[in-house]
Amino acid sequence: MNGIIILDKPQDFTSFDAVAVARRICGERKIGHTGTLDPMATGVLPLLLGRAAKAADLLPDTDKAYRAAFRLGERRDTGDVTGAVVEESAAPVSRESLEQALSQFVGEISQVPPMYSAVSVNGKRLYQLARQGLEVDRLARQVRVSKLELLSYDPETREGTLQVACSKGTYIRTLIEDAARAAGSCGTMTALRRTAACGFEEGEALSLDRLRELGERGEIPSVLRPVESLFGDYPAAWVSQAQARRFQNGGSLSMERLRLPRIALPQGQLVRVFAPGQVFLGLGAVDLSRGEIVFRKLFWEPEEQV
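Residues numbered from 1 in each chain as written. Predicted model: local features only at pLDDT ≥ 70, side-chain atom pairs only at ≥ 80, totals over all residues. Heavy atoms only, no water.

Peer 1: Could you clarify how one ought to interpret the overall build of the protein chain in this entry?
Peer 2: Each helix and strand counted, the protein chain has six helices and 18 strands in total. Seen through its principal axes, the protein chain has C-alpha atoms that stretch 70 × 50 × 40 Å. Counting across all 306 residues of the protein chain, residues that qualify as buried make up 48%. Pairs at least 24 residues apart make up 67% of the contacts formed inside the protein chain by residues separated by at least 6 positions. In the structure as shown, the protein chain presents an accessible area of about 15,100 Å², 46% of it carried by carbon and sulfur atoms. Looking at the protein chain, you have 39 positive and 39 negative side-chain charges, and the mean spots of the two groups are 7 Å apart. (Helix = DSSP H or I, 4+ residues; strand = E, 2+ residues; numbered from the N terminus. Buried < 20%, exposed > 50% of the residue type's maximum accessible area, 1.4 Å probe, protein only. Contact = heavy atoms within 4.5 Å. Areas by Shrake-Rupley, 256 points an atom, 1.4 Å probe, with all protein chains shown as cover. Lys, Arg positive; Asp, Glu negative; His and termini not counted. Charge placed at Lys NZ, Arg CZ, Asp CG, Glu CD.)

Peer 1: Is there a simple way to think about helix H1 (residues 15-26) in this case?
Peer 2: Each full turn of the α-helix corresponds to 3.6 residues, which orients residues three or four apart in the same direction. Taking 1.5 Å of rise per residue, the 12 residues of H1 would be expected to cover 16 Å, and the 16 Å separating its terminal C-alpha atoms lies within 8% of that figure. Those residues of H1 that fall on the buried side of the exposure criterion are Ser 15, Ala 18, Val 19, Val 21, Ala 22, Ile 25 and Cys 26. Projected down its long axis, H1 shows its buried positions confined to an angular sector of 165°, all on one face. Opposite the buried face of H1, by more than 90 degrees, sit the exposed residues Phe 16 and Arg 24. Check the buried side of H1 and you find it contacts strand E1 (3-9), strand E2 (31-33), strand E3 (42-49) and helix H5 (208-216). One or two positions beyond H1, positive phi appears at Gly 27, with a value near 65°. (Expected span 1.5 Å × (residues − 1). Arc of directions from axis to C-beta.)

Peer 1: Looking at this structure, I do not really get the UniProt feature "active site" (unreviewed entry) in the protein chain. What am I missing?
Peer 2: UniProt's entry tags Asp 38 with the feature "active site" (unreviewed entry), counted in the numbering of this structure. Tracing the chain through its elements places Asp 38 in the loop between E2 and E3. Beyond its immediate sequence surroundings of up to four residues, Asp 38 is in contact with Lys 9, Phe 13 and Arg 173. (UniProt positions renumbered as here; feature names shortened; annotations may be inferred.)

Peer 1: Where do I start with the sheet that holds strand E17 (residues 279-287) in this structure?
Peer 2: Two modes of strand pairing occur in sheets, parallel and antiparallel, and in both the strands are linked by backbone hydrogen bonds. One open sheet holds the five strands; their spatial order is E14-E16-E17-E18-E15, and the pairing between them is mixed. For this open sheet the edge positions go to strand E14 (236-238) and strand E15 (253-254), each flanked by a neighbour on one side alone. As paired strands, E14 and strand E16 (residues 270-275) are joined by three bridges and run parallel to one another. Residue pairing for E16: Trp 238 is matched across the bridge by Phe 274. Here helix H6 (residues 241-248) sits on the sheet in contact with E15, E16, E17 and strand E18 (292-298), set at roughly 75° to E17. (Pairing = 2+ DSSP bridges. Axes fitted to C-alpha atoms, helices over the stretch in contact; angles between N-to-C directions.)

Peer 1: Got a minute to help me understand the pairing of strand E10 (residues 141-154) in this structure?
Peer 2: Across a regular strand the side chains alternate sides, sitting on one face of the sheet and then on the other. Sheet analysis places strand E7 (residues 107-111) next to E10, joined by five bridges and oriented antiparallel. Along E10, the bridge assignment pairs Ile 109 with Val 143. Where E10 lies against strand E11 (residues 159-166), eight bridges are found, and the strand directions are antiparallel. Within the sheet, the bridge partner assigned to Tyr 153 lies in E11 and is Gly 160.

Peer 1: So what exactly am I meant to see when it comes to the packing of aromatic side chains here?
Peer 2: By convention here, two paired aromatic rings are described through the distance between centres and the angle between planes. Inspection of the entire model under this criterion finds eight aromatic pairs. Between Phe 70 and Tyr 153, the aromatic rings sit 6.2 Å apart at their centres with planes inclined by 15°, giving stacked as the arrangement. Here Phe 70, found in strand E4 (residues 64-72), pairs with Tyr 153, found in strand E10; they are 83 residues apart in sequence, far enough to count as distant. Assessed through its relative accessible area of 3%, Phe 70 is described here as buried. Take Tyr 153: its relative accessible area is 9%, and that puts it in the buried class. Here Phe 280 and Phe 299 contribute two aromatic rings whose centre-to-centre distance is 5.8 Å and whose plane-to-plane angle is 20°, an arrangement assigned as stacked. Residue Phe 280 is found in strand E17, and its partner Phe 299 is found in the segment after E18; the two are separated by 19 residues along the sequence. Each member of the pair, Phe 280 as well as Phe 299, is classed as buried. Through a chain of ring-to-ring contacts, three or more aromatic side chains come together here, namely Phe 231, Tyr 234, Trp 238, Phe 274, Phe 280 and Phe 299. A cation over a ring is seen here: Lys 54 above Phe 299, with NZ or CZ 5.6 Å from the ring centre. (Phe/Tyr/Trp six-rings, centres within 6.5 Å; stacked < 30°, edge-to-face > 60°. Lys NZ or Arg CZ within 6 Å of the ring centre and 35° of its normal.)

Structure, rendered in structure tokens:
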């Protein structure tokens, strides 16, 4: 079974838990995912089945979108309500001051990963050190926040919700803590839902219960997305039958002999390669020095006819 399932990950499941359940439902051993969600988080988790699992390290750097709930006046060691309170503040925060603080975190920003994260420092995961009561210095990382909107906020309870669109590697927990500090308080995340990832929206996602129903009826193939749907942002090249055979064997393709978009393609640009009949073969990369599309990854399988 090959393709993509857009799963709506339930709360209190790790991403690994969700993959394990999907393996049993689909009867497919080889399943990966496109980006970890914390157990408390819900929402869009694209699962890569069969040969689609080979796509994980080649995905376009598209924004992910989240809806996050928060509470000001307290900060927790985990950055969310699963942890212990380590700081409190009684300072009032108006909607105006909060929106002004949030505006400072739109665009390219520097962010220090939280201790409760999977980032490695000297070979150790930060969350492993945090569970031992240790805190270590972490290098700040550049991330991009393209949208940060305050959807709701009650100054009395100091609770509200945010809508965020951001680059991969952005920690929403840290974003809330930093914005709360800029507003003169402290803050913690109380809920998180990923509403978009890899170009897929939450309205397209299936619950585990729905996936089970489809599995019992043998209808999983009806909801599988083709692997090439992950790469819609990449330009496409159409090749002849002979060129298709060359590419399948790992050969490079002369750009002069390909049907390519009439735009200047930069060095290293990934390109979708299609055989006659709109058959997706795989991905190549632009090598300007050779004037070729060089082989990167094959998704076509030998039993398929091209």
